[in-house]
Each structure stands twice: as C-alpha cells, then as structure tokens.
Amino acid sequence: MTGWRDRAVRGVYRAGWTTVGALPPGLLRGPIAVGAAVAARTNGRHLTNLRHNLGNAAGRPADDRLVAAALRSYLRTLTEVLALPRWRPDEIVARVQVPEAPRLRRRQAESGAIVVLPHSGNWDLAGAWACLSGFPVTTVVEVLDPDAYADFLDFRKGLGMEPIGHTEPDVLDRLADALHRGRTVCLIGDRDLSRSGVEVDWLGQPVRMPAGPALLARRTGAALIPGVCQFVDDTRMVIDLGPEVRHVDGPDGLRAMTQQTADHFATTIRRQPQDWPMLQRFFARPELLS
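*Asks:* Whenever I open this one, the packing of helix α3 (residues 45-58) against helix α4 (residues 64-83) confuses me. Can you help?
*Replies:* Angle between the axes and distance between the axes are the two parameters that describe a pair of packed helices. Relative orientation of the contacting elements α3 and α4 amounts to 105°, with a least axis distance of 10 Å. Classified by the angle their axes make, α3 and α4 are roughly perpendicular. Of the residues in α4, those in contact with L47, L50, R51, L54 and A58 of α3 are D64, L66, V67, A70 and L71. Considered class by class, the residues forming the contact of α3 with α4 number eight nonpolar, no polar and two charged.

*Asks:* I keep staring at the sheet that holds strand β1 (residues 96-97) and nothing clicks. Help me out?
*Replies:* Taken in spatial order, the seven strands line up as β1-β9-β8-β2-β5-β3-β4 in an open sheet, and their pairing is mixed. The two strands at the open ends of the sheet, each matched to only one other strand, are β1 and β4 (162-165). In terms of strand pairing, strand β3 (residues 137-141) meets β4 through four bridges, oriented parallel. Pairing of T139 across the sheet is with P163, part of β4. Taken strand by strand, helix α10 (residues 212-220) contacts β2 (113-117), β5 (184-188) and β8 (223-231), and its axis lies near 170° from that of β2.

*Asks:* Mind showing me how you'd approach unusual backbone geometry here?
*Replies:* When glycine is set aside, most residues are seen to have a negative phi, and most peptide bonds are trans. Although it is not a glycine, D170 adopts a positive phi angle of roughly 60°. Positive phi, normally seen in glycine, also occurs at L203, with a value near 50°. Turning to its location among the elements, L203 is positioned in the loop between β6 (198-202) and β7 (205-209). You can call L203 partly exposed: its relative accessible area is 41%.

*Asks:* So what exactly am I meant to see when it comes to the confidence of the model for the protein here?
*Replies:* Parts of the prediction with low pLDDT should not have their coordinates interpreted in detail. With 87% of its residues at a pLDDT of at least 70, the protein reaches an overall mean of 88. Note on residues 286-290: pLDDT is under 50 here. Beyond four places in sequence and across chains, it has ten contacts.

Cut-offs used in this document
One numbering rule holds for all chains: residues counted from 1, following each sequence as written. The model is predicted, so local features are restricted to residues of pLDDT at least 70 and side-chain atom pairs to those at 80 or more, both for listing and for counting; the totals for chains, interfaces and linings are taken over all residues. Note that the side-chain values use all heavy atoms of the structure and ignore hydrogens as well as water. Axes, fitted as lines to C-alpha atoms, cover a helix only where it is in contact. Angles between the N-to-C directions of the axes lie from 0 to 180 degrees. Strands here are runs of E lasting at least two residues and helices are runs of H or I lasting at least four, both read from the DSSP assignment and numbered beginning at the N terminus. Relative orientations are named as follows: roughly parallel for angles under 35 degrees, roughly antiparallel for angles over 145 degrees, roughly perpendicular for angles from 65 to 115 degrees, and oblique for any other angle. We call two residues in contact whenever any of their non-hydrogen atoms come within 4.5 Å of each other. Gly is placed with the polar residues, together with every amino acid not listed as nonpolar (Ala, Val, Leu, Ile, Met, Phe, Trp, Tyr, Cys and Pro) or charged (Asp, Glu, Lys and Arg). A pair of strands is considered paired only if DSSP assigns at least 2 bridges between the two. Burial classes: relative accessible area under 20% of the type maximum marks a residue as buried, over 50% as exposed, and values in between as partly exposed (1.4 Å probe, protein chains only). The predictor's confidence in any single residue is recorded as pLDDT, a number from 0 to 100.

Set out below in structure tokens:
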C-alpha cells in the first residue's frame, strides 16, 4: 500500500509541475477554499495533529475556521511549488518581501549566514528568492521515497539551490564547506527528524527541535538567524528575520541557542498560525488544548 501511495504522490507532483504553472492562480482559489472547508470538519490522524498543533501555536483551541485557513495555506504552498518552475525570475523576486535583507547581506559578507526556518509559508519560494537576490542557497532535503527525492533534487537545483539529502554522509561537513564557498545555508529547523534534538520551550510547551543549525553555527562562526515565512496577501509573502542567535559553548549553550530560535518561531507564528500547517505530531502534550 505504501509503494502504491508513493507512486501516486510522485504522479501528482510530476503532473502538477507540467500543468499547474499554466493555470491562472485565481482559478485554483475557489476549489482550494471549498476543499479546505470540507476537510476541516474531518477527524483523520493528520487533521487531528493539525488541530492540536494550531491550538498550541495560537494559544487557543483551534476551531474549524482556523483549521480551514491552515489547509488553504498548505494547499496554496503546494500549488505554488508546482508552479514555481514556470515563474519568471522578476516575478519570484516581486512576490517576496524581506525587510531585514540588508542585515542578512552584511552578515553573509562578514561571517557567512545560516537561516533557519519552520514549516511556515512557502520555504521553496524563499529559497528561490534568495538564489536570485545574491544569497545562493545550500539546503538539506528530507529523503523519503527515492524516486520522489530525485524529483525534488531536480526541482530545487532548477531554482538555483544546492540540496543535500538528510541521510547522506558528512552533512555538517558539506554544509560547512558551502559556507566557506560563500553560499547561504538555509535549514528547516522546527521538526526534529533525527530524534536527537534538544528540548526547548515553545510558549510554555516542551518540544524537541534539531540542534544541527546551532552546531553548524558554532563550528563555522557563521551568523545564525531564525526566520519565519508568512503570506501577506494572495500573491506576496514576507520572510520575518529575527534577532541573530548568540553563540554559546557547551551542551547548555546548544540548548540556549536552539531556545532563541524557538522563541522567534513561536512568537511570530502565534501572530499568523494558519501559515504553519504542521500535520505531524509536534507538541509533547497535544491534549492540553483539546
């Protein structure tokens, strides 16, 4: 069953990359809104996870309206990813606002920069913008189905990114080399894939987040800057870059650095939780806001 499902997902992406970019964006908004409203009233495992995560992120129980908004955001990101290869470079740049881009450019030139993001907004659009704006991106890609992984490698390479699979050997060494070559390292840093992350506090809730971004920053001396992508309107997205994380030595320092990242994620996502459609279990005690 899993093999069949993986092949179906690959087929959807391949067909989407071929056709979705040719569709007017307005044509998709109606079906997305209807589908999201219907799905918000279901209780499958992923929807249950989403509702719990949204409730904890928002600080209040997630009603059907918030869940539907999160599903619309999720489907918008999906359709944008499918359309991205067809967008003109000037269109990609115009869709992204980064108020703190001058600070990022300065720190990139001074020490190298690591930008760490949660699963919020369209992080592939963020990477495409960065590559077109003087920040050539090296990133880590989750390795799932091998064929799907190959498709996503080609997709991200086509946008100018240098992707590395998370199960490949010497990932930290390769990321350090990318920084030394003047590239910007951009990492997804909310969900811990390795199960060896550090425990931090997310506005009162314990969560585990990956320690890799902080480890890489300490090892290379690069600036570690947390950011959150959120949609502004039907076409534009903002990347909210937070304060630079101070480097601190030792295991406690690693936790403190990851905590600073979590603080920016949590406070920024609380302002617009619908753009963080986390479908996997994230919080250690999701029942608190059932």
